[in-house]
Amino acid sequence: MRRLRQLAERTPAARERYVDLLRALAITMVVLGHWGVTVIGYDRNGRPAGHSALGDLPWAWPLTWVAQVIPVFFLVGGYANAASLAARRGRGGTATGWLVDRSARLARPTTALLVVLATGAAVATLRGADPTQVRTVAWFATIPLWFLVAYLVVVPLTPPMYALHRRFGLVVPVVLVALVALGDLGRLLGPAGLASGNYLFGWLAVHQLGFAWYDARSPAGPADAEPRGLRRRRLPLSRRAGAALLGGGLAGLLLLTVVGPYPVVLLNVPGERLDNAAPPSLALLAAATAQLGLILLLREPAQRWLRRPRPWQAVIAVNAVVLTVFLWHLTAAVLLVGLLDALGVLPTPPVGTAAWYAWRVPWLLALAVVLAALVAVFGPIEARTRRPPDTAPAREGTRRLRTALAVLGYAGLVTGLLLNSLVRKAAPEPLGLPAPALVAYLAGAGVLRLLRSGWGSRG
């Protein structure tokens, strides 16, 4: 508690605390959402199996308009990335140094998860476990990593995309939305391959709005005294703008889903004509617009509330381990299901029944206990990640080599996580994870760790 008080007291007055609150709330909603809609049963071999209840609960589909909070991650990520990049450059640092620094907070907790899962899977395989079942368990535990694939692509693109933002402002996300619309036409009318770019364009569009939010926090003098082009880079933060975005986003979402060809549900449901989130669709971006409007409407009262010591200390505490919570929350479910099954007390009521709804509360409480234990063990890996001191500029040749290696390191991370997501959950994998995926990820993490240690920073 003393440490939290010290961190709260040292918080700069200009910090946008609301961004930190949104990150913490979004993580909480993802965790509770995944846990809440999980249906546990037994497969034909008598082994525990899980799936989402959304396919059996169509009445809950409109709730995903609020529960689908991945756009909020990219919005606050854009703000945080712009703020940290600008601060780094203000201290005389480089984009490469920023990129290497940024990788640590993402890679360290993720590496811990993958190493623990691979080690546990190897032990289980050596003890005679079915490699197919081992892969199924690891696949379920690594579902959260699909989000990191997209985010680890967006982060290294921050320096060039922020430069585009400073040149063209809000025109950039408008163009990206147009590209998403073109991809959706491919999904609806063909060829479907046109939609592949939406994995990048959709999340980049939301990320760019985070840049605009950060620029809106710049000191705003008289209009004629503002730097040229500054106004077109700013996100309007007024309540009127929030109401307009909320209303426009909801109207667009209703037209696209109720009247148009998009599913109402914003999460994956087998059998629907398309998935609004993978890749991001116009319907998801309409929901993101409405969410942004709601965020702006609540911004001022939230900022006042966060000036109080205790709420702000709570937000600091959650954000210190926020990625750890996200990464391990489905592993907590795997462990709890395994324990209850071993004890012969695993409840498997049919989805939608009174017993299933009644089981939600003790289920969530038990999962919270297991996750708290996992965070206590692995949270310090994330919480103790610190920014290294700025180093002297390297020579031109060394600087270019560091930049190339940083990009290569991120490519290794993305390749590893993407390969894991693409390999089917029933594949026979003795390590739980595909060996090429594990090698690619660890190689990328190793390169970034080497750069973070200061290699080549002085030429």
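Everything quoted here is computed from the prediction, not taken from an experiment.

Calculation criteria
Residues numbered from 1 in each chain as written. Predicted model: local features only at pLDDT ≥ 70, side-chain atom pairs only at ≥ 80, totals over all residues. Heavy atoms only, no water. Helix = DSSP H or I, 4+ residues; strand = E, 2+ residues; numbered from the N terminus. Buried < 20%, exposed > 50% of the residue type's maximum accessible area, 1.4 Å probe, protein only. Phe/Tyr/Trp six-rings, centres within 6.5 Å; stacked < 30°, edge-to-face > 60°. pLDDT = per-residue confidence, 0-100. Contact = heavy atoms within 4.5 Å. Polar contact = N/O pair within 3.5 Å; in protein donor to acceptor, adjacent residues only side chain to side chain. Arc of directions from axis to C-beta. Core = buried A, V, L, I, M, F, W, Y, C linked by side-chain atoms within 4.5 Å.

Draft legend 1. The arrangement of the environment of Arg308 in detail. Mapping Arg308 onto the fold places it in the loop between α13 (282–306) and α14 (309–320). Overall, the relative accessible area of 51% leaves Arg308 in the exposed class. Measuring from C-alpha to C-alpha, the distance between Arg308 and Val423 comes to 47 Å, with 115 residues separating the pair along the chain.

Draft legend 2. Just the packing of aromatic side chains, in detail. Considering all chains together, one arrives at 14 aromatic pairs under this definition. Seen from their ring centres, Phe73 and Phe147 are 5.1 Å apart, and the 45 degrees between their planes marks the pair as tilted. Here Phe147 lies in helix α7 (residues 145–154) and Phe73 lies in helix α4 (residues 70–90), a separation of 74 residues in the sequence. Look at Phe147 and you get buried, because its relative accessible area is 6%. Judged by centre distance (4.2 Å) and plane angle (10 degrees), the ring pair of Trp328 and Phe378 falls under stacked. Here Trp328, found in helix α15 (residues 322–343), pairs with Phe378, found in helix α16 (residues 354–383); they are 50 residues apart in sequence, far enough to count as distant. For Trp328, a relative accessible area of 3% gives the class buried.

Draft legend 3. Spatial organisation of the confidence of the model for the protein. Confidence in the prediction for the protein averages 90 pLDDT; 93% of positions are at 70 or higher. Taken together, the stretch residues 220–226 has pLDDT below 50 and engages in 6 contacts with residues farther than four places along the chain or on a different chain.

Draft legend 4. The arrangement of unusual backbone geometry in detail. Going from Gly190 to Pro191, the amide bond is cis rather than trans, its omega being -5 degrees. Its location among the elements puts Pro191 in the loop between α9 (171–189) and α10 (198–216). Omega for the peptide link from Ala278 to Pro279 comes to 5 degrees, which places this bond in the cis form. Following the sequence through the fold, Pro279 ends up in the loop between α12 (239–259) and α13.

Draft legend 5. Local environment of the side chain of Thr257. Here Thr257 lies in helix α12. A relative accessible area of 4% means that Thr257 is categorised as buried. Here Leu253 takes part through its backbone oxygen, which lies 2.6 Å from a polar atom of the side chain of Thr257.

Draft legend 6. Molecular detail of helix α6 (residues 131–141). All of the buried residues along α6 are Val134, Arg135, Ala138 and Ala141. Relative to the axis of α6, the buried residues are bounded by an arc of 125 degrees and lie together on one face. A distance of 3.0 Å separates the backbone nitrogen of Thr132 from a side-chain oxygen at the start of α6, and that oxygen is part of Asp130.

Draft legend 7. Layout of the nonpolar core. Ranked by size, the top nonpolar core spans 107 residues in total, and within it Phe74, Leu148 and Trp213 carry the most contacts. Every residue in contact with Trp213, bar those within four places of it in the chain, is listed here: Glu16, Tyr18, Val19, Leu22, Leu75, Tyr79, Leu235, Leu237, Ile295 and Arg299. Counting 9 residues, the second largest nonpolar core, distinct from the first, contains Leu54, Leu57, Ala60 and Val265.

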